[in-house]
Amino acid sequence: MNAQDVKISPEWQQSLSVEFESPYFDQIRTYLKQSLAQGKIIYPPGKYIFNAYDTVPPSKVKVVILGQDPYHNPGEAMGLSFSVPKGVKIPPSLRNIYKELQSDIGCEIPSHGDLTKWAHQGVFLLNAFLTVEKNQAASHRNIGWHHFTDATIQYLSSNYDHIVFMLWGNFAKNKRHLIHSERHLILEAAHPSPLAGNAFQGCRHFSQANHYLIEHSKAPIDWQID
């Protein structure tokens, strides 16, 4: 799994070339190969592991929504945080995100959970861990992915200005130190999971993000999923 072997935008390949060639990335590669050789099922499918990176090159990133790890049930993970393919039941966390969008800016609740439309507008839907074993949440949190995704966040923070970082839940909030707060907008809220009750509701992150983007001469995000 070299940079040349995965489906990822050339801009990210160049920007993170040092990470792809690092010893920890060799360890990730070896771990995944061994897991597959042992018959373990890994999500998302290989071609979607870097889907977020392939869809949004760094120069196009306007908003970062940080998730933890991919969905671990069959057919759900597609390499974009919180997103599931069309035809898959909308997960509870995403359903709560949709509810907040409705109350915040009046979006209609969609019939599916595919967030690719957001990604095409510059919303970088990043999971901190890019893979997971089937039916085992957070099973790949210790194989080295955090080095890669931390470097991703730091690269965006250091090389660009006026990006909106949405940090939901304590795990995401702990990444705040990677971001230059004077150069970017950091929005924090409870995780949208039902386990957090209704604490996510009312955060108004989506309207705040668009206001900030407009304020800095960037086109706002059309958050309505068709």
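See the structure above.
Residues numbered from 1 in each chain as written. Predicted model: local features only at pLDDT ≥ 70, side-chain atom pairs only at ≥ 80, totals over all residues. Heavy atoms only, no water.

Focus on the environment of G202
- For G202, the location among the structural elements is in the loop between strand 6 (185-189) and helix 9 (205-215).
- Sequence separation of G202 and Q27 is 175 residues, and the distance between their C-alpha atoms is 41 Å. (Helix = DSSP H or I, 4+ residues; strand = E, 2+ residues; numbered from the N terminus.)

Quick notes on helix 9
- Along helix 9, the residues that are buried comprise H205, F206, A209, N210, Y212 and L213. Summarising the axial view, the buried residues of helix 9 lie within an arc of 160°, below the 170-degree limit, and thus occupy one face. Every exposed residue of helix 9 that faces more than 90 degrees away from the buried side is listed here: H211, I214 and E215.
- Taken together, the buried residues of helix 9 touch strand 2 (63-67), helix 5 (92-105), strand 5 (164-168) and strand 6.
- S217 sits one or two positions beyond helix 9 and adopts a positive phi of about 60°. (Buried < 20%, exposed > 50% of the residue type's maximum accessible area, 1.4 Å probe, protein only. Arc of directions from axis to C-beta. Contact = heavy atoms within 4.5 Å.)

Re unusual backbone geometry
- The residue after Y43, namely P44, is reached through a cis peptide bond having omega -5°.
- Positionally, P44 belongs in the loop between strand 1 (42-43) and helix 4 (51-55).
- One non-glycine residue, H162, lies in positive phi territory at about 60°.
- Locating H162 in the fold gives a position in the loop between helix 7 (145-159) and strand 5.
- Under the relative-accessibility criterion, H162 is labelled partly exposed at 27%.

Considering the pattern of salt bridges
- Inspection of every chain in the model, using the stated rule, returns eight salt bridges.
- In this structure, R29 engages D26 in a salt bridge whose closest nitrogen and oxygen atoms are separated by 2.3 Å. Linking R29 with D26, this pair stays in helix 3 (residues 23-37), spanning three residues, or about one helical turn.
- With a closest N to O distance of 3.4 Å, R204 and D104 form a salt bridge. In this pair, R204 is assigned in the loop between strand 6 and helix 9 and D104 in helix 5, connecting sequence segments 100 residues apart.
- Through salt bridges with shared partners, one network takes in K117, D222 and D226. (Salt bridge = Lys/Arg side-chain N within 4 Å of Asp/Glu carboxyl O.)

Re the packing of aromatic side chains
- Applying the stated rule across the entire model yields 23 aromatic pairs.
- Members of the aromatic cluster, joined through ring pairs, are W12, F20, Y24, F25, F50, Y53, F124, W145, F148, Y155 and Y160. (Phe/Tyr/Trp six-rings, centres within 6.5 Å; stacked < 30°, edge-to-face > 60°.)

What about the environment of W12?
- In this structure, W12 sits in helix 1 (residues 10-15).
- Residue classification places W12 among the buried positions, given a relative accessible area of 0%.
- With 60 residues separating them in the primary sequence, W12 and H72 have C-alpha atoms 26 Å apart.

Concerning the sheet that holds strand 3 (residues 123-127)
- If you walk across this open sheet you meet the four strands as 3-2-5-6, and the pairing is parallel. Two strands lie at the open edges of the sheet, namely strand 3 and strand 6, each paired on one side alone. Averaged over neighbouring strand pairs, the angle between their axes works out to 20° when direction is ignored.
- Bridge count between strand 2 and strand 5: four bridges; the pairing is parallel. (Pairing = 2+ DSSP bridges. Axes fitted to C-alpha atoms, helices over the stretch in contact; angles between N-to-C directions.)

A look at the nonpolar core
- Counting residues in hydrophobic clusters, the biggest one holds 66 residues, and the most contacted among them are W145 and W223.
- In this view, W223 contacts V63, I65, L101, I105, C107, W118, V123, M166, F206, A209 and N210; residues no more than four positions away in its chain are not counted. (Core = buried A, V, L, I, M, F, W, Y, C linked by side-chain atoms within 4.5 Å.)

Considerations on empty space enclosed by the protein
- Inspection of the entire model under this criterion finds one cavity of 30 Å³ or more.
- Volume-wise, the largest cavity comes out at about 30 Å³.
- If you trace the largest cavity, you find it lined by Y98, L101, Q102, C107, E108, I109, P110, W223, Q224 and I225. (1 Å grid on protein atoms, 1.4 Å probe; cavity = no way out; pocket = protein on both sides within 12 Å on 5 of 7 lines; lining within 4 Å. Points joined across faces, edges and corners; volume = space filled by probe spheres on them.)

A closer look at helix 3
- For helix 3, built from 15 residues, the straight-helix expectation of 21 Å at 1.5 Å per residue is met to within 8% by its first-to-last C-alpha distance of 21 Å.
- Taken as a whole, helix 3 has its buried residues at Y24, F25, I28, R29, L32 and S35. Buried residues of helix 3 fall within an arc of 150° about the axis and therefore sit on the same side. Along helix 3, the residues that are exposed and aim more than 90 degrees away from the buried face are P23, Q27, K33 and A37.
- In this structure, the buried residues of helix 3 make contact with helix 2 (17-20), strand 1 and helix 7.
- The positive-phi residue at the C-terminal boundary of helix 3 is G39, with phi of around 85°. (Expected span 1.5 Å × (residues − 1).)

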